[in-house]
Amino acid sequence: IQTDALLGLQIPRTTEKDEMVFIMYHQVNELLFKMILWEIDQISLSKTEITAEKFSKHLMRISRYFDMLCSSFDVMGEGMDVDQYLKFRNTLAPASGFQSAQYRKIEFASTELINLIDARFRDSIDRNSSFRNAFDHLYWQAAGKDYKTGKKSYLLTIFEEKYKDEFIRFAEFYNTHNLWTIFKSLPQDVKEDEDLIKAMRHYDYTVNITWVMAHYNTANHYLNIGGKTAEATGGSEWVKYMHPKYQKRIFFPDLWSKDEIENWGKDV
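Residues numbered from 1 in each chain as written. Predicted model: local features only at pLDDT ≥ 70, side-chain atom pairs only at ≥ 80, totals over all residues. Heavy atoms only, no water.

## A closer look at the packing of helix 6 (residues 101-110) against helix 8 (residues 154-174)
Consideration 1: Between helix 6 and helix 8, the least distance of the axes is 10 Å, while the angle of their chain directions is 25°. Taken together, the axes of helix 6 and helix 8 lie roughly parallel to each other. In terms of crossing hand, the pair formed by helix 6 and helix 8 is right-handed. In contact with Ala101, Arg104, Lys105, Phe108 and Ala109 of helix 6, helix 8 contributes Phe159, Tyr163, Glu166, Phe167, Phe170, Ala171 and Tyr174.
Consideration 2: By residue class, the composition of the contact of helix 6 with helix 8 is nine nonpolar, no polar and three charged. (Axes fitted to C-alpha atoms, helices over the stretch in contact; angles between N-to-C directions. Helix = DSSP H or I, 4+ residues; strand = E, 2+ residues; numbered from the N terminus. Parallel < 35°, antiparallel > 145°, perpendicular 65-115°, else oblique. Left-handed = near helix turned anticlockwise from the far one by under 90°. Contact = heavy atoms within 4.5 Å. Nonpolar A, V, L, I, M, F, W, Y, C, P; charged D, E, K, R; others polar.)

Following this line, the structure appears as structure tokens:
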């Protein structure tokens, strides 16, 4: 398992001891993201018939990984001194939590692109527009673009320089191989399987509410001090960008009632 290589990848930039906690915790997250992508592909790239049992099995594995991610946020929320974090966080700029390329791929591989469009444009965007146009309207663009001027932040610019072409290729492939599209193509009796529907809803809620709120509450712990909200390292308006009630990111919208969608994230 190449332990020596793994244990040699922690390189702090400051002398603050809790920076090592920050580094290793995020590395653990990325390993779990890789496990999630691996499980998604057991469905998306399957050469055999997709049964309700197989779909549910891999979805619950994925949800289990996200359950670990959600519960582990105490490592960040309670495991670092605020004073130390506020010192070493300055060395992170212009890095931001949305810069996980693997997490973006998880989203692309989970649902249709329209469900990842910024809520402000979701009803009006041409669903037949190019992937590049859709990419420019993804919800997380709100964290790095001034829509009054259209100007992108330095953070978003360098993130796109590194990943945009790769993301577009990935999104084009998973446009027909994402979990939601595959689910909708299954025989009716499979789509009506109660265990599968339960697994789909659990995954959707875990990723788009529980996980997001765990991240949100941790950011709030470190960035909302004395009633004053600090700017995120990436320069984003992180409160509205992160909270699920604003963007209502939902992977499998047809599996939720109108009332559930309208109140998405409001009770947390």
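So, next bit.
## Examining the nonpolar core
Consideration 1: Core analysis: the biggest nonpolar cluster contains 70 residues, and Phe55, Phe66 and Tyr203 have the highest contact counts within it.
Consideration 2: With 11 residues, helix 11 (residues 194-223) is the largest single contributor of residues to this core.
Consideration 3: Setting aside its immediate chain neighbours within four residues, phenylalanine 66 contacts Ile36, Tyr103, Ile106, Tyr203, Thr206, Val207 and Trp211. (Core = buried A, V, L, I, M, F, W, Y, C linked by side-chain atoms within 4.5 Å. Buried < 20%, exposed > 50% of the residue type's maximum accessible area, 1.4 Å probe, protein only.)

## Re the packing of aromatic side chains
Consideration 1: Across all of its chains, the model carries 27 aromatic pairs by this definition.
Consideration 2: Measuring from centroid to centroid gives 5.5 Å for tyrosine 163 and phenylalanine 167, while their planes differ by 15°, and the two rings are stacked. Taken together, the residues span about one helical turn, with tyrosine 163 and phenylalanine 167 both in helix 8 at a distance of four residues.
Consideration 3: The exposure class of phenylalanine 167 is buried, given its relative accessible area of 0%.
Consideration 4: Members of the aromatic cluster, connected to one another through ring pairs, are Phe33, Phe55, Phe66, Tyr103, Trp180, Phe183, Tyr203, Trp211, Phe251 and Phe252.
Consideration 5: Just above the ring of tryptophan 256 sits the side chain of arginine 201; from NZ or CZ to the centre is 3.9 Å. (Phe/Tyr/Trp six-rings, centres within 6.5 Å; stacked < 30°, edge-to-face > 60°. Lys NZ or Arg CZ within 6 Å of the ring centre and 35° of its normal.)

## As for the environment of asparagine 29
Consideration 1: Within the secondary structure, asparagine 29 is located in helix 2 (residues 18-44).
Consideration 2: On the basis of relative accessibility, which here comes to 5%, the residue asparagine 29 falls in the buried class.
Consideration 3: For the pair asparagine 29 and tyrosine 65, spaced 36 residues apart in sequence, the C-alpha to C-alpha distance is 9.6 Å.
Consideration 4: Once residues within four sequence positions are removed from consideration, asparagine 29 is found in contact with Leu69, Ser72 and Trp211.

## A few points about the pattern of salt bridges
Consideration 1: One pass over the structure, following the stated rule, counts 10 salt bridges.
Consideration 2: Between aspartate 136 and lysine 164 there is a salt bridge, with its nearest N and O atoms 3.5 Å apart. With a gap of 28 residues between them, aspartate 136 in the loop between helix 7 (131-135) and strand 1 (145-146) and lysine 164 in helix 8 connect regions that are remote in the sequence.
Consideration 3: Several salt bridges share partner residues, and in doing so they unite Asp136, Lys152, Glu160 and Lys164 into one network. (Salt bridge = Lys/Arg side-chain N within 4 Å of Asp/Glu carboxyl O.)

## Focus on the confidence of the model for the chain
Consideration 1: The predicted model of the chain has a mean per-residue pLDDT of 85, with 87% of residues at 70 or higher.
Consideration 2: For the chain, strand 4 (residues 228-229) is the element with the lowest average pLDDT, namely 51, and helix 9 (residues 179-184) is the one with the highest, namely 96.
Consideration 3: Here residues 232-236 is a poorly scored stretch, pLDDT under 50, and it has 17 contacts once near neighbours within four places are set aside; other chains count. (pLDDT = per-residue confidence, 0-100.)

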